[in-house]
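Take a look at the letters that make up each chain.
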Amino acid sequence: MTRQMTGAKMVVQALKDQGVDVVFGYPGGAVLPIYDEIFQQNGIRHILVRHEQGAVHAAEGYARATGKPGVCLVTSGPGATNAVTGLTDALLDSIPIVVLTGQVPTFMIGSDAFQEADTVGITRSCTKHNWLVKDTERLPHVLHEAFHVATSGRPGPVLVDIPKDVQFASATYTPPKQVRTSHYAPRVKGDMDAITELVEALETAKRPVFYTGGGVINSGPGASQLLRELVDATGFPITSTLMGLGAYPASGQKWLGMLGMHGLYEANMAMHDCDLMINIGARFDDRITGRIDAFSPNSKKAHIDIDPSSINKVIRVDIPIVGDVGHVLEDLLKVWKARGRKTNREGLAKWWAQIEEWRKVDCLAFKQNGPAIKPQYALQRLEELTKGHDRYICTEVGQHQMWAAQYLGFEEPNRWMTSGGLGTMGYGFPASIGVQMAHPDALVINVAGEASWLMNMQEMGTAVQFRLPVKQFILNNERLGMVRQWQELLHGERYSHSWSEALPDFVKLAEAFGAKGIICSDPADLDDAIMEMINHDGPVIFDCLVEKHENCFPMIPSGAPHNKMLLGEASTKDAIGSSGAVLV
């Protein structure tokens with residue numbers, strides 16, 4: 001049924017019709033009509049963040065933990081420009097979010113009015129699509145279309161810019177079913193000839209490997225189930241990008257661990273030496289490929305991706321398949337089973353024997369000795385003490401992020417939230433707020449470095465206000481850890497501005513916000529301190545003082561191929577032209 005309502009009321013009604021139950025935002029003059037409508041209803045919960053960047057990251061965390069689009073609402077001018085980092089982050093990691101921004105009245109656009117910015121111009125390159133709505137009659141159409149675009153095909157962020165006079169004016173509201181969205185219908189079914197060609201390659205390959213990415217998770221839980229069935233049925237090894245962790249269980253027999261710059265030795269060696277690489281929902285980004293001309297030089301390459309622009313963009317492939325991962329895997333399994341479930345068993349047995357030899361290297365081995373807590377040990381203990389919980393992990397960006405990916409295991413999709421493509425310091429804390437809103441009874445932990453965490457520390461106010469029991473597990477080395485590591489390895493140990501100084505007392509900071517603070521510096525006290533964090537029923541800042549100059553290994557040096565990895569301190573400096581190391 002159609003009815004008359006103001007543009008502001010249309011926004012709230014459209015959100016309800018799209019199934020939105022939570023909005024992250026920050027009010028301002030250009031969105032006050034919408035905020036007034038939010039005040040007068042009870043169906044949607046609004047979470048007041050302390051910075052608009054935090055609103056977008058929280059919406060990302062919510063989206064990644066639920067598979068539903070996240071929504072945020074910010075004002076014009078600085079409100080919109082503060083959202084740009086989060087939009088770019090969501091675009092690079094294919095996260096479906098809908099950002100609603102206020103704008104000055106239509107008759108003032110272009111006059112340099114107070115808090116005016118060209119929001120659609122500024123955000124054109126960091127959204128899938130954006131709209132400036134100058135007619136209230138068009139507003140419900142655009143809002144419903146925005147949700148469709150954000151969640152269809154390769155997911156991503158969209159933005160709707162709504163002038164203040166459009167919010168005040170009245171028009172006829174149009175429900176979602178009456179809005180045409182068929183003009184944007186990305187291809188989801190893969191070409192059957194290409195799928196059959198890939199099946200033929202599966203049947204004969206001697207050294208195959210599945211290389212999976214975030215596209216498997218974005219496709220939905222069904223895609224992850226189909227992937228698991230395919231891996232277990234064929235017996236092929238599987239590795240994953242940072243964004244794809246959890247699509248295949250870390251406890252699975254065929255799991256090689258993460259690949260890439262800080263990936264596991266066996267995963268990277270398998271990628272380098274395979275004769276068939278099946279890329280499922282990954283985009284061949286530079287942190288995975290290393291040196292392009294030396295990337296998996298002797299393999300036939302297949303690439304399954306819903307985004308046709310990703311095919312052959314970085315790496316030329318032999319079998320391109322454009323389509324949704326879930327649909328393609330379903331057809332792939334059907335064809336493979338119909339043809340007799342064949343694999344090259346003799347070749348596969350030899351391949352696994354080689355992989356077992358690589359596994360013996362034990363590239364994540366470390367020694368916890370001395371009085372300082374090793375960051376690896378801190379995460380190893382965190383894994384052991386939390387893996388039985390209903391657990392979600394977020395991270396900031398840096399060494400701690402890579403250690404978390406290496407030492408924490410994920411058995412299911414949508415349990416791991418991290419900034420992959422953009423590498424946004426300050427992402428993890430607000431993302432953890434979004435995750436906790438989606439799963440109020442779950443254990444939500446943000447693994448952080450002290451430098452990254454300080455970038456959005458103001459969101460502690462949000463966590464306390466809304467009684468969100470998010471746990472901030474800070475590996476505090478008093479350094480910009482990854483920057484310092486690169487300066488040590490590549491810049492002659494000239495530590496230019498990579499030492500954190502004037503750090504706060506994190507326990508007192510937590511208490512100042514009304515939260516709980518815990519500090520731990522002794523390895524012998526670590527388990528008890530982690531359990532204290534877990535058992536506290538409110539937000540916690542855990543200040544874990546760790547070894548200051550620990551480096552993150554394995555590591556593929558910039559410009560090196562996959563089979564030239566640095567495996568530890570003893571193998572580092574000669575390998576990069578300094579002193580005292582061996583390149584493996």
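A quick note: this is a predicted structure, and the numbers were derived from the prediction, not measured. (Residues numbered from 1 in each chain as written. Predicted model: local features only at pLDDT ≥ 70, side-chain atom pairs only at ≥ 80, totals over all residues. Heavy atoms only, no water.)

### Thoughts on the domain arrangement of the protein
In step 1: When its domains are assigned, the protein resolves into domain 1 (3–178), domain 2 (192–359) and domain 3 (375–545).
In step 2: Each of domain 1 and domain 2 has a C-alpha centre, and the two are 37 Å apart.
In step 3: Buried area between domain 1 and domain 2, both sides added, is near 600 Å², and the carbon and sulfur share of it is 52%.
In step 4: Broken down residue by residue, the surface that domain 1 buries against domain 2 is led by Arg-64, Asp-93 and Arg-154, which jointly contribute 60%.
In step 5: Put simply, domain 1 and domain 2 have 1 salt bridge between them.
In step 6: The residue Arg-154 makes a salt bridge to Asp-307 at a minimum N-O spacing of 2.8 Å.
In step 7: Where domain 1 packs against domain 2, one counts 3 residue pairs in polar contact (both at pLDDT 80 or more). (Domains from an automatic or database assignment. Buried area = accessible area lost by both parts, 1.4 Å probe. Salt bridge = Lys/Arg side-chain N within 4 Å of Asp/Glu carboxyl O. Polar contact = N/O pair within 3.5 Å; in protein donor to acceptor, adjacent residues only side chain to side chain.)

### Considering helix α7 (residues 139–151)
In step 1: Between its first and last C-alpha, α7 extends 19 Å over 13 residues, near the 18 Å set by a 1.5 Å rise per residue.
In step 2: The buried fraction of α7 is high, at 10 of 13 residues.
In step 3: Listed as buried for α7 are Leu-139, Pro-140, Val-142, Leu-143, His-144, Glu-145, Ala-146, Phe-147, Val-149 and Ala-150. (Helix = DSSP H or I, 4+ residues; strand = E, 2+ residues; numbered from the N terminus. Expected span 1.5 Å × (residues − 1). Buried < 20%, exposed > 50% of the residue type's maximum accessible area, 1.4 Å probe, protein only.)

### A short note on the pattern of salt bridges
In step 1: Taken as a whole, this structure holds 21 salt bridges when the rule is applied.
In step 2: Here Arg-339 makes a salt bridge to Glu-203, at a shortest N to O gap of 2.9 Å. A residue pair is termed long-range when its members are at least 10 positions apart, and Arg-339 in the loop between α14 (325–338) and α15 (345–359) and Glu-203 in helix α9 (residues 192–204) qualify at 136 residues.
In step 3: Looking at Glu-203, the relative accessible area reads 11%, which means it is buried.
In step 4: In this structure, Lys-374 engages Glu-550 in a salt bridge whose closest nitrogen and oxygen atoms are separated by 2.9 Å. Here Lys-374, found in the loop between α15 and α16 (375–386), pairs with Glu-550, found in the segment after β20 (540–545); they are 176 residues apart in sequence, far enough to count as distant.

### Observations regarding the sheet that holds strand β16 (residues 416–417)
In step 1: Across the sheet, which stays open at both edges, the 6 strands sit in the order β16-β15-β17-β18-β20-β19 with parallel pairing between neighbours. This sheet does not close on itself; its edge strands, each paired only once, are β16 and β19 (516–520).
In step 2: In this structure, strand β15 (residues 391–395) lies alongside strand β17 (residues 443–449), joined through 5 bridges in parallel fashion. Among the inter-strand pairings, Ile-393 is bridged to a residue of β17, identified as Ile-445.
In step 3: Helix α17 (residues 399–407) contacts β15, β16, β17 and β18 (471–476) of the sheet and is inclined by roughly 135 degrees relative to β17. (Pairing = 2+ DSSP bridges. Contact = heavy atoms within 4.5 Å. Axes fitted to C-alpha atoms, helices over the stretch in contact; angles between N-to-C directions.)

### What about the nonpolar core?
In step 1: With 101 residues, the main nonpolar core has Phe-473, Met-533 and Phe-542 as its most contacted residues.
In step 2: The element best represented in this core is α14, accounting for 7 residues.
In step 3: Both domains that meet at this core, namely domain 2 (192–359) and domain 3 (375–545), each give it at least three residues.
In step 4: Excluding anything up to four places from it in sequence, Phe-542 contacts Gln-472, Phe-473, Ile-474, Ile-518, Cys-520, Leu-526, Ala-529, Ile-530 and Met-533.
In step 5: One finds Ile-97, Val-435, Met-460 and Ala-510 within the second-largest nonpolar core, a separate group that totals 44 residues. (Core = buried A, V, L, I, M, F, W, Y, C linked by side-chain atoms within 4.5 Å.)

### Quick word on unusual backbone geometry
In step 1: The residue after Phe-553, namely Pro-554, is reached through a cis peptide bond having omega -5 degrees.
In step 2: Counting through the fold element by element, Pro-554 comes out in the segment after β20.
In step 3: Located in the positive-phi region is Glu-493, a residue other than glycine, with phi close to 60 degrees.
In step 4: With respect to the helices, strands and loops of the structure, Glu-493 is situated in the loop between α21 (481–490) and α22 (506–513).
In step 5: Assessed through its relative accessible area of 40%, Glu-493 is described here as partly exposed.
In step 6: A positive phi angle, near 60 degrees, is found at His-497, a position not held by glycine.

### Focus on helix α3 (residues 52–66)
In step 1: Given a rise of 1.5 Å per residue, 15 residues ought to cover 21 Å, and the 21 Å separating the end C-alpha atoms of α3 matches this to within 8%.
In step 2: Counted residue by residue, α3 has 14 buried out of 15 residues, so it is predominantly covered.
In step 3: Phi turns positive one or two residues past the end of α3, at Gly-67, with a value near 80 degrees.

### Brief notes about the sheet that holds strand β14 (residues 319–322)
In step 1: Taken in spatial order, the 6 strands make up an open sheet running β11-β10-β9-β12-β13-β14, and their pairing is parallel. Looking at the sheet topology across the chains shown, the edges are occupied by β11 (255–258) and β14. With strand direction ignored, the average angle separating the axes of adjacent strands in the sheet is 15 degrees.
In step 2: Two elements, strand β13 (residues 300–305) and β14, share 4 bridges in a ladder whose sense is parallel. The partner of Ile-304 across the bridge, within β14, is Ile-321.

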